[in-house]
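Next come the chains, spelled out residue by residue.
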Amino acid sequence: MKGIIMAGGNGTRLLPITGGASKQLLPIYDKPMVYYPLSILMLADIRDILIISTPEDMAHYKRLLGDGSQWGLSIDYAIQSKPQGIAQGFLVGKKFLGSSSVCLVLGDNVFYGPHLESHLIKAKINATKHQVATVFGVEVNNPHQYGVLGFNQFHQAVSIEEKPNTPPSNIAVAGLYFYPNSVIQMAAKIPFSKRGELEITTVNQQYLSDNALDVVQLSKSFTWLDTGSPESLLEASQFIHTIEKRKRSKVACLEEIAFKKGWITKSDVLMAAKKMNRTPYGQYLINNYL
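Description of the structure in this document. Everything numeric here is computed off the predicted structure, so don't read it as measured data. (Residues numbered from 1 in each chain as written. Predicted model: local features only at pLDDT ≥ 70, side-chain atom pairs only at ≥ 80, totals over all residues. Heavy atoms only, no water.)

## Some details on the pattern of salt bridges
If you walk through the whole model with that rule in mind, you get twelve salt bridges. Lys250 is the partner of Asp30 in a salt bridge, and the nearest nitrogen-oxygen pair spans 2.3 Å. In this pair, Asp30 sits in the loop between strand S2 (27-28) and strand S3 (31-32) while Lys250 sits in the loop between helix H8 (230-247) and helix H9 (254-260), placing the two residues 220 residues apart along the sequence. You can call Asp30 partly exposed: its relative accessible area is 22%. The residue Arg195 makes a salt bridge to Glu199 at a minimum N-O spacing of 2.8 Å. When its relative accessible area of 44% is taken as the criterion, Arg195 is described as partly exposed. According to the relative accessible area criterion, Glu199 is buried, its value standing at 7%. Here the salt bridges do not stand alone but share partners, grouping Glu162, Lys163, Arg195, Glu197 and Glu199 into one network. (Salt bridge = Lys/Arg side-chain N within 4 Å of Asp/Glu carboxyl O. Helix = DSSP H or I, 4+ residues; strand = E, 2+ residues; numbered from the N terminus. Buried < 20%, exposed > 50% of the residue type's maximum accessible area, 1.4 Å probe, protein only.)

## Comments concerning the side chain of Asp108
With respect to the helices, strands and loops of the structure, Asp108 is situated in the loop between strand S6 (102-106) and strand S7 (109-112). What makes Asp108 buried here is its relative accessible area of 7%. Of note is the side chain of Asp108, whose polar atom sits 2.8 Å from the side chain of Lys23. Contact partners of Asp108, with chain neighbours within four places excluded, come to Lys23, Gln24, Met33, Leu225, Asp226 and Thr227. (Polar contact = N/O pair within 3.5 Å; in protein donor to acceptor, adjacent residues only side chain to side chain. Contact = heavy atoms within 4.5 Å.)

## Some thoughts on the packing of aromatic side chains
Under the defined criterion, the tally for this structure stands at nine aromatic pairs. Ring centres of Tyr35 and Trp71 lie 5.9 Å apart, and the angle between their planes is 80°; on these two criteria the pair is classed as edge-to-face. One end of the pair, Tyr35, is in helix H1 (residues 35-43); the other, Trp71, is in the loop between helix H2 (58-65) and strand S5 (74-79), and 36 residues separate them in sequence. The class for Tyr35 is buried, based on a relative accessible area of 9%. The buried category is assigned to Trp71, whose relative accessible area is 2%. Aromatic pair Tyr177 and Tyr179: ring centres 6.3 Å apart, planes at 15°, arrangement stacked. Take Tyr177: its relative accessible area is 4%, and that puts it in the buried class. Taken together, Phe90, Tyr177, Tyr179 and Tyr207 form an aromatic cluster joined through their ring pairs. (Phe/Tyr/Trp six-rings, centres within 6.5 Å; stacked < 30°, edge-to-face > 60°.)

## A look at the packing of helix H10 (residues 266-275) against helix H11 (residues 280-289)
Each pair of packed helices can be described by the angle between their axes along with the distance between the axes. Packing of H10 against H11 leaves a shortest axis separation of 8 Å and a crossing angle of 145°. The element H10 and its partner H11 pack so that their crossing is left-handed. The residues of H11 that touch H10, namely those facing Lys266, Val269, Leu270 and Ala273, are Gly282, Leu285, Ile286 and Tyr289. Of the residues assigned to the contact of H10 with H11, the class counts are six nonpolar, one polar and one charged. (Axes fitted to C-alpha atoms, helices over the stretch in contact; angles between N-to-C directions. Left-handed = near helix turned anticlockwise from the far one by under 90°. Nonpolar A, V, L, I, M, F, W, Y, C, P; charged D, E, K, R; others polar.)

## Notes on the nonpolar core
Ranked by size, the top nonpolar core spans 52 residues in total, and within it Ile5, Leu38, Met42, Ile49, Trp71, Leu176 and Phe178 carry the most contacts. Counting residues per element, this core draws most heavily on H1, at six residues. Residues within four places of Met42 in sequence aside, it is in contact with Trp71, Leu73, Leu254, Ile257, Ala258, Lys261 and Trp263. (Core = buried A, V, L, I, M, F, W, Y, C linked by side-chain atoms within 4.5 Å.)

## Let's talk about the pairing of strand S1 (residues 2-6)
Burial analysis of S1 places four of its five residues in the buried class, which makes it a mostly covered element. Direction of pairing for S1 relative to S6: parallel, over a ladder of five bridges. Note on S6: the bridge partner recorded for Lys2 is Val102. Pairing between S1 and strand S4 (residues 48-53): four bridges, direction parallel. Bridge assignment links Gly3 to a residue of S4, and that residue is Ile49. (Pairing = 2+ DSSP bridges.)

## Some remarks on the environment of Leu65
Turning to its location among the elements, Leu65 is positioned in helix H2. Of the residues examined, Leu65 reaches a relative accessible area of 0% and is grouped as buried. Taking C-alpha positions, Leu65 is 20 Å from Gln283, a pair spaced 218 residues apart along the chain. When near neighbours in sequence (up to four residues on either side) are disregarded, Leu65 contacts Val34, Tyr35, Leu38, Ile51, Gln70, Trp71, Ile75 and Tyr77.

Following this line, the structure appears as structure tokens:
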């Protein structure tokens, strides 16, 4: 399986902050926003990753992430010239994906909660071995802003609606998706929506109609943060700060994840730490791996 991080868009809800910087490069507490979706792919044992962004921002991502070898990854880059929907990512990344299954994650989403890694591995197996797609449902207070799941009397998902005026439930589809390779052909066939986008909801609806979609509803103890507004960006930083202070461990610490996976050595971790030894992030690595 390969991974795609959607890190494009105009970030209009965050203006003027994003007037000179890509949204996914903004900080969430002590690390760039893009570290969080990147950590999700790493936790799913995905090492071949494509960053999709705008022509204006691509150089900044390359400067920050490089080729990924410092974390035992292989990172490639592709340009989405116009923001024409999440599902367009599969067409932009068609050559990169080849015959592989794919996990696509939005670059401005943060996930934290119990059994996260086991959820990811199960979804990966379903897509790779069983040709079944997986989406994750999370309870939200403002479902009209998201793709929303509808359920029957047996609590089985029967519909997905994009930003409905009258939501069928308060369970939104989070920005993390697992698909078999067939998603490339499916994305190529769906029409543009009234918004002029290739909607990921349309893709998910098709898999649901084909009885090939696993809907995993995450528990209330799970946190999903969509950091698209100034308020949500602040809340995300406060949340990560609180969690790291209480747990005394880092969320989305890429060097730590890579080391625990056996992709890099302790000396690699310390080499990275020394470059950041004046920061809490670097001190965390030094204190735990020296």
